[in-house]
Amino acid sequence: MYKPKVVFAFVEAGMGHIVPERSIADAFEEKYGAYTRIVRSNFYSESGKKPLIRFEKMLCDNVKMYNNCPLYGYTSLSVMNLLGPRLTSELIMKFIPHAHKYATMHVDELQADMFLSTHWSTAYYVANSNSKPINVSYVPDVEIIPLCCYPNDMTLVSARSGYERALKHYPKRFNSDNLALVPFAIRKEAFSVPLDKKINRRNLGFDENKFTVVLFDGGYGIGKMGSVTEILAQSDLDITLVPVCGKNRKLYDRLKDIKPSPSVDLRVYGFSDRILEILGAADIFLGKSGASSVAEPCFFGVPEIITSYATQMEQHNAHYYIDYVGNAVAIFNPKKAAEKVKFFYHNRDELEKLAQKARAYHDNYGSEKTADVMWGLLQKKFPFLKEIEIQKNNEA
């Protein structure tokens, strides 16, 4: 029996793309791996082509620039909105000569039956390839930006507001056949982390009874967390203070040099594979509004203070959790953000109101439905796969 080949295209352009891609790949492999050939592709780097490696570096550098200078991020997204998806894509592709040619060639070389992308660029290459595999995009952010609006077979989004806005504002592009609302693709390890904060604190070596403040500005650690940490570290609050610096070594070294007040237990992390446990230990979270950065604390029922957003995408993310979910507030001034932490420390009932909102949203997580949508698309292309479904149901 022929096994369709499904490629999961990983792009180094922020952990907000990588984490959901990995989550979906894990869910699909667990449910349908026996009937398909799965390839986890480091799309740009594995090719060995210098233009593609340079293009990925450009994407990565741009994400860092967005965070270092939000004005640049806002301007870039505004230009994209003005130009539209086709012109924007073609313009960006011209920045690195030959990258487009090698990328579409690499899509064909992979000989896939289906591509799953969480970054617009690989979906663009699939759409422009000769082989034309089934083209599926999962959008990690709340809103679907213009770069994700060119034709493909299926676009998936986890926020109802983003789903409804896409249908309303792009009626010629999206309809119920090529747009689906699915839960947020949180990494599967999250479901193995206890929801009891005290258990997570004990596992991490924290005082299980101390009020715990976690700060995290995404994988690159670019945002306001350094300044907020320095203020809270000198406070008289009886807290465990946990800044997670990601890949930002300079920030890590800076915060490790802090001598906190006697009541503050300062625990500085770099890039940590225990971030889910850390979030699960938190009473409150402070950080930027990247897609996973705001979604993961909410999964654990944690109230959030959003201290920055770099682009309109992150602004939409922030306001989704502020206005729709209701577990977050936005305070960009580090001193005022620290004051809000102090307020919640002394007014736990007010904090609990936000925590209740987060807990109420807990069921909107997981990648199984996305895997099922992908499987349904494969069944349309390969009808014999429906027989597998019938056999599975009979065995159950």
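Reading guide: rules and limits
Residues numbered from 1 in each chain as written. Predicted model: local features only at pLDDT ≥ 70, side-chain atom pairs only at ≥ 80, totals over all residues. Heavy atoms only, no water. Axes fitted to C-alpha atoms, helices over the stretch in contact; angles between N-to-C directions. Helix = DSSP H or I, 4+ residues; strand = E, 2+ residues; numbered from the N terminus. Parallel < 35°, antiparallel > 145°, perpendicular 65-115°, else oblique. Contact = heavy atoms within 4.5 Å. Nonpolar A, V, L, I, M, F, W, Y, C, P; charged D, E, K, R; others polar. Expected span 1.5 Å × (residues − 1). Buried < 20%, exposed > 50% of the residue type's maximum accessible area, 1.4 Å probe, protein only. Pairing = 2+ DSSP bridges. Phe/Tyr/Trp six-rings, centres within 6.5 Å; stacked < 30°, edge-to-face > 60°. Lys NZ or Arg CZ within 6 Å of the ring centre and 35° of its normal. Patch = residues over 30% accessible without salt bridge, like charges linked within 9 Å, V, L, I, M, F, W, Y side chains within 5 Å. Areas by Shrake-Rupley, 256 points an atom, 1.4 Å probe, with all protein chains shown as cover. Salt bridge = Lys/Arg side-chain N within 4 Å of Asp/Glu carboxyl O. Arc of directions from axis to C-beta. Core = buried A, V, L, I, M, F, W, Y, C linked by side-chain atoms within 4.5 Å.

*Asks:* Explain the packing of helix H5 (residues 99–110) against helix H6 (residues 120–127) residue by residue, including any values.
*Replies:* With their axes 8 Å apart at the nearest point, H5 and H6 run at an angle of 75° to one another. Judged by the angle between their axes, H5 and H6 are roughly perpendicular. On H6, the residues that touch His100, Ala103, Thr104 and Val107 of H5 are Tyr124, Tyr125 and Val126. Residues of the contact of H5 with H6, tallied by class, amount to five nonpolar, two polar and no charged.

*Asks:* With reference to specific residues and values, describe helix H16 (residues 368–381).
*Replies:* With 14 residues, H16 extends 20 Å between its outermost C-alpha atoms, agreeing within 8% with the 20 Å of an ideal straight helix rising 1.5 Å per residue. Listed in full, the buried residues belonging to H16 are Thr370, Ala371, Val373, Met374, Trp375, Leu377, Leu378 and Gln379.

*Asks:* Hey, could you go over the sheet that holds strand S1 (residues 5–10) for me, with residue numbers and the actual values?
*Replies:* Note on sheets: strands pair through backbone hydrogen bonds, and any given pair is parallel or antiparallel. Taken in spatial order, the six strands line up as S2-S1-S3-S4-S5-S6 in an open sheet, and their pairing is parallel. Two strands lie at the open edges of the sheet, namely strand S2 (37–42) and strand S6 (179–181), each paired on one side alone. Each strand of the sheet is rotated relative to its neighbour by a mean of 20°, with strand direction disregarded. Each of strand S5 (154–157) and S6 is contacted by helix H7 (residues 160–169), which is oriented at about 160° to S6, the strand it contacts most. Contacting S1, strand S3 (114–117), strand S4 (134–139), S5 and S6, H16 runs over the sheet at an angle of about 165° to S4.

*Asks:* Requested: an account of the packing of aromatic side chains, with residues and values cited.
*Replies:* All told, the structure shown has 26 aromatic pairs when counted by the stated rule. Centre to centre, the rings of Tyr361 and Tyr365 are 6.0 Å apart; their planes meet at 85°, and the pair counts as edge-to-face. The class for Tyr365 is buried, based on a relative accessible area of 6%. Taken together, the aromatic side chains of Phe184, Phe191, Phe299, Phe300, Tyr320, Tyr321, Tyr324, Tyr361 and Tyr365 make up a single cluster linked through ring pairs. The lysine or arginine in question, Lys247, covers the ring of Phe271, its NZ or CZ lying 5.7 Å from the ring centre.

*Asks:* Could you give an account of a nonpolar patch on the surface, with specific residues and numbers?
*Replies:* Taken together, the side chains of Val79, Leu82, Leu83, Leu87, Leu91 and Phe95 make up a nonpolar region of the molecular surface, amounting to roughly 580 Å² of accessible area. For the nonpolar patch, the secondary-structure elements that each account for two or more residues are helix H3 (70–83) and helix H4 (85–93). When residues in the nonpolar patch are grouped by element, the largest group, three residues, is from H3. Among the secondary structure elements, Leu87 is positioned in helix H4.

*Asks:* Residues and numbers for the sheet that holds strand S11 (residues 304–308), please.
*Replies:* Reading across the sheet, the six strands line up as S9-S8-S7-S10-S11-S12 and stay open at both edges, with parallel pairing between neighbours. Two strands close off the open sheet at either side, each with one partner strand: strand S9 (264–266) and strand S12 (328–330). Direction aside, neighbouring strands of the sheet carry axes that sit 20° apart on average. In the sheet, strand S7 (residues 211–216) pairs with strand S8 (residues 239–244) via six bridges, with the strands oriented parallel. In the sheet register, Thr212 faces S8, and the bridge partner there is Thr240. Contacts from helix H12 (residues 291–299) reach S7, strand S10 (284–288) and S11, with the element oriented near 170° to S11. In this fold helix H14 (residues 334–346) packs onto S7, S8, S10 and S11, with an angle of close to 175° to the strand it touches most, S11.

*Asks:* Summarise the pattern of salt bridges; cite the residues concerned and give the values.
*Replies:* Counting across every chain of the model gives 20 salt bridges. Residue Asp26 pairs with Arg40 through a salt bridge whose shortest N-O separation is 2.8 Å. Remark: Arg40 occurs in strand S2 and Asp26 occurs in helix H1 (residues 15–32); sequence separation between them is 14 residues. Taking the shortest distance from any N to any O, the salt bridge between Glu164 and Arg160 comes out at 3.9 Å. Highlighted residues: Glu164 and Arg160, both in helix H7, separated by four residues, approximately one helical turn. A relative accessible area of 44% means that Glu164 is categorised as partly exposed. A relative accessible area of 39% places Arg160 in the partly exposed class. A cluster of three or more residues bridged by salt bridges with shared partners is formed by Asp26, Glu29 and Arg40.

*Asks:* With reference to specific residues and values, describe helix H10 (residues 249–256).
*Replies:* Three or more residues of H10 are buried, namely Leu251, Tyr252 and Leu255. End-on, the buried residues of H10 take up no more than an arc of 100°, which puts them together on one face. Along H10, the residues that are exposed and aim more than 90 degrees away from the buried face are Arg249 and Lys250. Looking at the buried positions of H10, the neighbouring elements they touch are helix H9 (225–233), S8 and S9.

*Asks:* Describe the environment of Ile322, naming the residues involved and giving the relevant values.
*Replies:* Assignment of secondary structure puts Ile322 in helix H13 (residues 312–325). For Ile322, the contacting residues outside a window of four places in its chain are Ala328, Val329 and Ala330.

*Asks:* Residues and numbers for unusual backbone geometry, please.
*Replies:* Working note: non-glycine residues mostly have negative phi, and peptide bonds are mostly trans. Unlike most non-glycine residues, His98 shows phi in positive territory, near 75°. The residue Gln111 is not glycine, and still its phi comes out positive at about 50°.

*Asks:* I'd like a description of the nonpolar core, backed by residues and values.
*Replies:* Ranked by size, the top nonpolar core spans 65 residues in total, and within it Phe8, Val136, Tyr321, Tyr365, Met374 and Leu378 carry the most contacts. Of all hydrophobic cores here, the second largest spans 40 residues; its members include Tyr44, Leu59, Ile96 and Tyr163.

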